[in-house]
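# An overview of the molecular structure
As a plain string of letters, each chain reads:
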Amino acid sequence: MFTTRWIVALSLLLAGAPVFPQADRGEINAAAADIQGEWQLLPMPDAMQFKALPFNPWPSECQYFSYAPTGDLKSIEKLKAPCAVMTAAQLRETVKNVPAVASWKYDFSASHQKGILIVTRSDKKDYMEVWEPHIVDKAFAKGGEQFLAGDLILYLADMESKQLVWVRHLRKLS
């Protein structure tokens, strides 16, 4: 069942026209190697969010993600700022005992020149998030926010409406 859903997700997302002109925004398709690592969520101005969702589905101000090469995805969050200043090594140590219930998988379509990041959970039957991952290749500013080379921008796709509905801006921890 999961394989069928994954194939449908891939075909629906890849069939759509590009939502943003990547060259104008300083971002390109991310590869799996770009995604691996430890990341901190940065604020995204409301003006830059899609208006498809009635509320923020992940409202914590401080969120950290560890995308392991094994496919494990671990995260921690704190509802309100100030956010801890953390290194990649500190985040790995912090999440080492967090159960690995989420996983990630990357796929790239050469014919569509687009990649997708699929997140699943072992604790929720048929749970799947489909993200279009981009890496910033040229620094730019938008909506008062700085996007630096190496930042990861993830666009969440709603597979029913075939629309992108949420954006995450992540900065890699060193």
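## Details of the nonpolar core
Judged by nonpolar contacts, the single largest core of 20 residues is most densely connected at Ile35, Tyr67, Leu152 and Leu170. Listed by contribution, the elements that provide at least two residues to this core are strand E2 (37–42), strand E3 (62–67), strand E5 (102–109), strand E6 (114–121), strand E7 (128–136), strand E10 (152–158) and strand E11 (163–172). Tyr67 has contacts with Ile35, Gln36, Gly37, Trp39, Asp72, Leu73, Trp104, Leu117, Leu154 and Leu170, leaving out every residue within four places of it along the chain. By size, the runner-up hydrophobic cluster in this structure holds 16 residues, among which are Met128, Val130, Ala157 and Met159.

## Quick word on the confidence of the model for the chain
In this model, the chain carries a mean pLDDT of 86, and residues with pLDDT of at least 70 account for 86%. Per-element confidence in the chain is highest for E3, whose mean pLDDT is 98, and lowest for helix H1 (residues 2–15), whose mean pLDDT is 45. Of the regions scoring below 50 in pLDDT, residues 1–14 engages in 29 contacts with residues more than four places distant in sequence or in other chains. Every residue in residues 16–23 is under pLDDT 50, and counting partners more than four places away or in other chains gives 14 contacts.

## Considerations on the side chain of Glu38
Relative to the helices and strands, Glu38 is located in strand E2. Polar side-chain contacts of Glu38 include one of 2.8 Å to the side chain of Ser66. A polar contact of 2.8 Å, which involves the side chain of Glu38, links it to the side chain of Arg92.

## A look at the pairing of E6
In terms of burial, E6 is largely enclosed, as 7 of its 8 residues are buried. Remark: 4 residues form the turn of the hairpin made by E5 and E6, two consecutive strands paired antiparallel; Gln113 in that turn has positive phi of roughly 50°. As defined by bridge partners, E6 adjoins E7 across 4 bridges and the pair is classed as antiparallel. Residue pairing for E7: Leu117 is matched across the bridge by Trp131. Counting the residues in the hairpin turn of E6 and E7 gives 6 residues, including Asp126, whose phi is positive at 60°.

## Let's talk about the environment of Leu91
Take Leu91: it is sitting in helix H4 (residues 88–95). Residue Leu91 is classed as buried on the basis of its relative accessible area, which comes to 0%. In this structure, the C-alpha to C-alpha distance between Leu91 and Ser75, residues 16 residues apart in sequence, is 9.0 Å. Among residues more than four places away in sequence, those in contact with Leu91 are Glu38, Trp39, Tyr64, Phe65, Ser66, Ile76, Met86 and Leu173.

Procedures and definitions
- Residues numbered from 1 in each chain as written.
- Predicted model: local features only at pLDDT ≥ 70, side-chain atom pairs only at ≥ 80, totals over all residues.
- Heavy atoms only, no water.
- Core = buried A, V, L, I, M, F, W, Y, C linked by side-chain atoms within 4.5 Å.
- Buried < 20%, exposed > 50% of the residue type's maximum accessible area, 1.4 Å probe, protein only.
- Helix = DSSP H or I, 4+ residues; strand = E, 2+ residues; numbered from the N terminus.
- Contact = heavy atoms within 4.5 Å.
- pLDDT = per-residue confidence, 0-100.
- Polar contact = N/O pair within 3.5 Å; in protein donor to acceptor, adjacent residues only side chain to side chain.
- Pairing = 2+ DSSP bridges.

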